Amino acid sequence: MSEIAIQAPTKEMTVTDDVMINMIGVHKWYGEFHVLKDINLTVHKGERIVICGPSGSGKSTMIRCINRLEEHQQGQIIVEGTELTGDLKHVEQIRKEVGMVFQHFNLFPHLSILDNLTLAPIWVRKMPKKEAEEVAMNLLERVKIPEQAKKYPGQLSGGQQQRVAIARSLCMNPKVMLFDEPTSALDPEMIKEVLDVMVELAEEGMTMMCVTHEMGFAKTVANRVIFMDEGQIIEENEPNEFFNNPQNDRTKLFLSQILSH
Amino acid sequence: MSDQKPTHKLGEHPDWAPPSITIGAVGWVRANMLSSPLNIFLTLLCGYLIYLSVPPVVQWAFLDADWFGTNRDDCSREGACWIYIGFWFKQIMYGRYPDTEVWRINFAYALLVVAAIPLFVPSFRWKGWLSVFLLIGYPIIAFYLFVGGSFGMEHVETPLWGGLFLTLVISVLGIVASLPIGIVLALGRRSDMPVVKAICIGFIEFWRGIPLITVLFMSSVMFPLFLPEGMHFDKLIRALIGVMLFSAAYMAEVVRGGLQAIPKGQTEAAEALGLSYWKTMNLVIMPQALKLVIPGIVNTFIGLFKDTTLVLIIGLFDLLGMIQLVGTNPDWLGFHIEGYVFAAFVFWCFCFSMSRYSQHLEKKLHTGH
Ligand SMILES: Nc1ncnc2c1ncn2[C@@H]1O[C@H](COP(=O)(O)OP(=O)(O)OP(=O)(O)O)[C@@H](O)[C@H]1O
Ligand SMILES: [Mg+2]
């Protein structure tokens, strides 16, 4: 995979001691198939974590457990002090605070860009429409496409759609953002515009977990890189060590494969 | 071509009109009717068939037809006698509804039209409230108007209802009720809860598995057997409930088809934003799914509208039933054809309007994806 040049962060990004997400001994099965095996991970406020690993290693499944798009069957997941259980109240509470961006954008095609952004603030946060639209316009400004507000998702390029998707999540003012391969459905020239938005978000102190194979992004923005294989966290380290001095053989193999492309 | 000198500089080619042979009426005829030998043959064949069939129909229905008169002696019998329809018009429209009370039906029609017009005005701002009125307020008003017995209006029993009026009552109620019930059934059938799912599947498969005629017979013959002695339950209401549940089962499967076509990512994105199940369905999934299946929904509506003619077999006289009834009048024997043609015409007008409206709706809701 080629590396996309990333604008270097201009601000110091700080990590605090507050625990944002805590996964303790998490297991998950799809039928007989053991996808997640004893996942233990603590994410602090302000951390930018990049998760990589071969296809099918359970990266998506792991981050989707954090807002319960997937249900884990053993262990504990605690987000901002609230534990994810069968209790729908807890689930909805956590989903309000956790934003997610998908590989295929998943914008709502029947709503205009502006309505895509204001839907959740109005119906979940009970924000007045006027105010929600102001917030939305500010965010579209931030992802640099305010002129598209009245269009429909089908009329936008992939890069623009993904930036709208990021803005849509930000409208809920989340405390954590989860990204599941946000750039892998995009052409190279669009990847950069999306990554730039993500870098800015990191600079503003957003806690982020990002499944991506954009190693340039991992090197410049992440404070920790996690390598997963066969449903386990095999290795985690700060990016410099991770890329220059990988410990595990599987990590070495994986890195040699993606860097040689 | 090569001897034609370029009249423009390189890179500044002006816009030319397309060759006349590919556009306009000529282009259309060439492309659609004369594009191949087979096509030419079919065009000629169709032309011949039209020549054979259309002129006699026009002759019968318009040129030789009798339009003015008051009784059957005014009919020349050379073509259609539309005097027959005019003579029985009141019965065909309202059944045996009392003459002096027919204004109540007309008033309800007028109210419906007046109330519905603003829905088609794009700048009208209270569409939501108006829809609520049309769905809840209007039926209540219409009920009191039709049934009477209060506000100084004479009570009109449902056996007196008939004609187009009865057709509209049954089909509009069936249509309006079947969509929401169908939506709930479709959602239930896709539910994760096994009991809800089983109930919905059972319901849908039961009603889809039996013919509407059977449903109507059961509602009029069998159902009263299960009622306690002396309890009376209006025949029309029983038929209405039967028609509603029957068409709701069909509607459920149409809606489910639409739900199936919406990618899972839509639900996930909505849920990730914190929307509850019902909000996700109402705001994100249903608007998309229903838009996709507008043709199927309207198809079911049209089917239901025409199926209402079956109520004849349980002794309710809808438009078609009324036409058949007046056709047996000894003074007016021999005008069946006019009656059926008129019935077909009325049904066609309603069904075609529904079809056109659905096409309009599809265009309007298209957002380019
Ligand atoms: N709904 C499901 N039912 C059964 N198996 C599933 C389901 N979803 C995922 N899996 C399996 O679980 C494993 C992990 O899937 P996951 O999507 O988490 O992988 P991933 O690391 O995100 O891979 P990729 O890089 O291809 O996105 C895969 O082997 C996949 O086939
Ligand atoms: Mg994945």
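The structure displayed is predicted, hence computed values, not measured ones.

**A closer look at the site of ligand 1**
Residues and elements named next belong to chain A. In the region of ligand 1, the neighbouring residues are Tyr-30, Phe-33, Val-35, Pro-54, Ser-55, Gly-56, Ser-57, Gly-58, Lys-59, Ser-60, Thr-61 and Glu-181. Side-chain polar atom of Ser-55 to an oxygen atom of ligand 1: 2.6 Å apart, as the coordinates give it. One of the side-chain nitrogen or oxygen atoms of Lys-59 is found 2.7 Å away from an oxygen atom of ligand 1. Notes on ligand 1: free accessible area 640 Å², of which the protein chains cover 59%. Taken together, the elements giving at least two residues each to the shell around ligand 1 come down to β2 (33–44) and α1 (59–66). Of the residues forming the shell around ligand 1, the biggest block, three residues, is contributed by α1. Within the shell around ligand 1, the residues separate by chemical class into four nonpolar, six polar and two charged.

**Observations regarding the pairing of strand β6 (residues 98–101) of chain A**
Residue and element names in this part refer to chain A. Neither face of β6 is open: one carries Val-98 and Met-100, the other Gly-99 and Val-101, and all of them are buried. The sheet contact formed by β6 and strand β7 (residues 176–180) spans four bridges and is parallel. Counted as the bridge partner of Val-101 is Phe-179 from β7.

**Concerning the interface of chain A and chain B**
Contact residues are listed per partner, giving 24 residues for chain A and 20 residues for chain B. Roughly 2,000 Å² is buried in total at the junction of chain A and chain B, and carbon and sulfur atoms are behind 64% of that figure. It is Arg-95, Pro-109 and His-110 of chain A that lose the most area in chain A upon contact with chain B, and together they represent 27% of the buried surface on that side. At the boundary of chain A with chain B, the tally comes to two salt bridges.

**Some remarks on the nonpolar core**
The nonpolar side chains of soluble globular proteins are, as a tendency, buried together. Counting residues in each nonpolar core, the largest one holds 121 residues, and the members touching the most others are Met-209 of chain A together with Phe-146 and Trp-161 of chain B. The next biggest cluster of nonpolar side chains, apart from the first, holds 51 residues, and it includes Leu-195, Val-197, Val-221 and Leu-255 of chain A.

**Describing unusual backbone geometry**
One non-glycine residue, Asp-38 of chain A, adopts positive backbone phi at about 50°. By the secondary structure assignment, Asp-38 of chain A is in strand β2.

**Quick notes on the packing of helix α3 (residues 113–123) of chain A against helix α4 (residues 129–142) of chain A**
Residue and element names in this part refer to chain A. Contact geometry for α3 and α4: axes closest at 9 Å, N-to-C directions at 125°. Comparing their axes, α4 and α3 come out oblique. You can see that α3 and α4 cross each other, and the crossing is right-handed. Along the contact surface, α3 presents Ile-113, Leu-114, Leu-117, Thr-118, Pro-121 and Ile-122, while α4 presents Lys-129, Ala-132, Glu-133, Ala-136, Met-137 and Leu-140.

**Some thoughts on the sheet that holds β2 of chain A**
Residue and element names in this part refer to chain A. The strand order across the open sheet built from four strands is β2-β1-β4-β5, with neighbouring strands paired in antiparallel fashion. The strands lining the two open edges of the sheet, one partner per strand, are β2 and β5 (82–83). As paired elements, strand β4 (residues 74–79) and β5 share two bridges and run antiparallel to each other. What sits directly across from Ile-78, in β5, is Glu-83.

**Notes on the side chain of Glu-70 of chain A**
All names here are of chain A. Looking at where Glu-70 falls in the secondary structure, it is placed in the loop between α1 and β4. Judged by relative accessible area, Glu-70 falls into the buried class, the value being 13%. Only 3.4 Å separates the side chain of Glu-70 from the side chain of Tyr-30, close enough to count as a polar contact. Excluding anything up to four places from it in sequence, Glu-70 contacts Lys-28, Tyr-30, Arg-64 and Cys-65.

**Description of a nonpolar patch on the surface**
Residues and elements named next belong to chain B. Taken together, the side chains of Trp-126, Trp-129, Val-132, Leu-135, Ile-136, Ile-140, Phe-143, Tyr-144, Phe-151, Val-172 and Val-176 define a hydrophobic patch exposed on the protein surface, amounting to about 1,200 Å² of accessible area. Only α6 (127–147) and α7 (163–189) provide two or more residues apiece to the nonpolar patch. When residues of the nonpolar patch are assigned to their parent elements, the largest contribution, seven residues, is made by α6. Note that Ile-136 resides in helix α6.

**Things to note about the sheet that holds β6 of chain A**
Residue and element names in this part refer to chain A. Pairing in this open sheet of six strands is mixed, and the strands run β6-β7-β8-β3-β9-β10 from one edge to the other. Edge strands, defined here as strands with exactly one partner in the open sheet, are β6 and β10 (232–237). In this sheet, neighbouring strand axes are inclined to one another by 20° on average, regardless of whether the strands run parallel or antiparallel. Taken strand by strand, helix α2 (residues 88–97) contacts β6 and β7, and its axis lies near 65° from that of β6. Packing of helix α9 (residues 249–260) onto the sheet brings it into contact with β3 (48–52), β9 (224–229) and β10, and relative to β9 it is tilted by some 100°.

Conventions and cut-offs
- Within each chain, residues carry numbers counting from 1 in the order of the written sequence.
- Each chain takes a letter, starting from A, and each ligand takes a number, starting from 1, following the order in which they are written.
- For this predicted model, a pLDDT threshold of at least 70 governs which residues receive local features, and a threshold of 80 or more governs which side-chain atom pairs are given and counted, while totals over whole chains, interfaces and linings are taken from all residues.
- Hydrogen atoms and water are omitted, and side-chain values are computed over all heavy atoms in the structure.
- If even one non-hydrogen atom of a residue comes within 4 Å of a molecule or strand, that residue is called near it.
- Any N or O atom pair separated by 3.5 Å or less is treated as a polar contact, with the protein-specific requirement of one donor-capable and one acceptor-capable atom, and with residues adjacent in sequence counted only for side-chain atom pairs.
- Values of accessible area rely on a 1.4 Å probe in the Shrake-Rupley scheme; residue burial ignores everything except the protein chains shown.
- Each helix corresponds to a stretch of at least 4 residues labelled H or I by DSSP, and each strand to a stretch of at least 2 residues labelled E; elements are numbered beginning at the N terminus.
- Residue classes follow a fixed rule: Ala, Val, Leu, Ile, Met, Phe, Trp, Tyr, Cys and Pro count as nonpolar, while Asp, Glu, Lys and Arg count as charged, and any other residue, Gly among them, counts as polar.
- Relative accessibility under 20% of the residue-type maximum defines a buried residue, over 50% an exposed one, and the middle range a partly exposed one, all with a 1.4 Å probe and only protein chains included.
- The criterion for strand pairing is that DSSP finds at least two bridges linking the strands in question.
- By definition, residues are in contact when any of their heavy atoms lie within 4.5 Å.
- Put simply, buried area is the surface a 1.4 Å probe can reach on two separate parts but cannot reach once they are joined, added for both.
- Here, a salt bridge means any Lys or Arg side-chain nitrogen found within 4 Å of an Asp or Glu carboxyl oxygen.
- To qualify as a nonpolar core, a set must consist of buried Ala, Val, Leu, Ile, Met, Phe, Trp, Tyr and Cys residues joined through side-chain atoms within 4.5 Å.
- All axes are obtained by fitting lines to C-alpha atoms, using only the stretch in contact for helices, and the reported angles, taken between N-to-C directions, cover 0 to 180 degrees.
- Any angle that falls under 35 degrees is termed roughly parallel, while one over 145 is termed roughly antiparallel, one within 65 to 115 roughly perpendicular, and all others oblique.
- By convention the crossing between two helices is left-handed if the near helix lies anticlockwise of the far one by an angle smaller than a right angle, and right-handed if it lies clockwise.
- Two distance rules govern patches: like charges are joined within 9 Å, and nonpolar side chains (Val, Leu, Ile, Met, Phe, Trp, Tyr) within 5 Å, applied only to residues with over 30% relative accessible area and no salt bridge.

Take it as geometry only, folks, not as evidence of what the structure does.
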